[in-house]
Amino acid sequence: MLPDRHRDPVPPAMQRLVALLALRGRCDRRQVARSLFPGRPDDAAAARLRDTLSRLRHRHSRLAELIGGEPELALVATLQVDLLDLDLVLGQCVRGEVAALEALERVAPTPLELDLLPGWYDEWVCEERERLRSKVSRALCRHSGLRLRAGDIPGALASAEWAGRLDPFDEVAARWQIRAHLSAGDEALAVRRYVGLRELLRRELSVEPEPATAALVPAV
C-alpha cells in the first residue's frame, strides 16, 4: 500500500499514524493526537492530526483508504497486521502447545527481530515496544513451565533461554532455565546460570537475586 518511487514519499507523521493504529487498534482522536504530537496543547495537536489526515487523503489516497472511523480512528478490518499473527502464537505458548516455539520462530526467528519499529524513539513507540517484549517474555516463561511439567526439558530450556535473551535481568526466565538444567541432572549448568545472573545484577543494578531464585541453588 505504500507509494512507489513515482509518488511522494509518505511523511513521518503519516507513517506514525498508521503504525499507531496498527498497534493500538481503535483509538480516540484526542489520544491519537496527543501520542503523535506530544508537548502541544490539545487544540494544536488536534489541528495537526486533522492536517495529517487531510494530506493523507489528498496525496496518498490508497493509504488513506486503510483508515476509517468516526469519532474514533482505526485501520480497516480487512487489513492484515503481523502483530495479530504474533498474538495467536503467544496464545499457543501460554497454553503450552508443543509446536508453539517453532511457530514463534517462524514469526520472529530471533529475539532481536521482536524489536518493534527499530529507530523510532517516540514515547508511545517505546511503551509499545516494552509491552510487546514483556508479553513475549511472559508467554515464553509460561510455555517453559508447562513444557517442563510435561517432561519436555529441551523445549522448556529453549523457551526460557529465549525469554532470557529478551531481558537478561528477567529472573523469572532465569529460574526456568535453572529448573530445566536441574531437571536434566546438570547441576553445574544450573549453578553457572545462577552465578552469571548474580554477577550481572550486582554489577549493573547493585542488587542480589530474589530469594526465590537463590533458593534453587542453595549450595552457592
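Data block above holds the structure.
A brief report on the enclosed structure follows. (Residues numbered from 1 in each chain as written. Predicted model: local features only at pLDDT ≥ 70, side-chain atom pairs only at ≥ 80, totals over all residues. Heavy atoms only, no water.)

Now for the pairing of strand S3 (residues 72–75). Looking at chain direction, strand S1 (residues 27–28) and S3 are connected through two bridges and run antiparallel. Bridge pairing in S3 links Cys-27 to Leu-73. Hairpin remark: strand S2 (residues 67–68) followed by S3, antiparallel, with three residues in the connecting loop; positive phi at Gly-69, about 110°. (Pairing = 2+ DSSP bridges. Helix = DSSP H or I, 4+ residues; strand = E, 2+ residues; numbered from the N terminus.)

The next subject is the packing of helix H2 (residues 29–36) against helix H3 (residues 42–59). Two elements in contact, H2 and H3, have axes separated by 8 Å at closest approach and are oriented at 95°. One way to sum up the angle between H2 and H3 is to call them roughly perpendicular. Contact residues: Arg-29, Arg-30, Val-32, Ala-33, Arg-34 and Leu-36 in H2; Asp-42, Ala-45, Ala-46, Leu-49 and Leu-53 in H3. Across the contact of H2 with H3, the residue classes break down as seven nonpolar, no polar and four charged. (Axes fitted to C-alpha atoms, helices over the stretch in contact; angles between N-to-C directions. Parallel < 35°, antiparallel > 145°, perpendicular 65-115°, else oblique. Contact = heavy atoms within 4.5 Å. Nonpolar A, V, L, I, M, F, W, Y, C, P; charged D, E, K, R; others polar.)

On the surface, Phe-169, Leu-205 and Val-207 cluster together into a nonpolar patch covering about 230 Å² of accessible area. Examined against the element boundaries, Phe-169 turns out to sit in the loop between helix H8 (153–166) and helix H9 (171–183). Assessed through its relative accessible area of 32%, Phe-169 is described here as partly exposed. (Patch = residues over 30% accessible without salt bridge, like charges linked within 9 Å, V, L, I, M, F, W, Y side chains within 5 Å. Areas by Shrake-Rupley, 256 points an atom, 1.4 Å probe, with all protein chains shown as cover. Salt bridge = Lys/Arg side-chain N within 4 Å of Asp/Glu carboxyl O. Buried < 20%, exposed > 50% of the residue type's maximum accessible area, 1.4 Å probe, protein only.)

Moving on, we come to the side chain of His-181. Along the polypeptide, His-181 turns up in helix H9. Residue class for His-181 comes out buried when judged on its relative accessible area of 9%. Residue contacts for His-181: discarding those within four places in its chain leaves Leu-157, Asp-186, Leu-189 and Ala-190.

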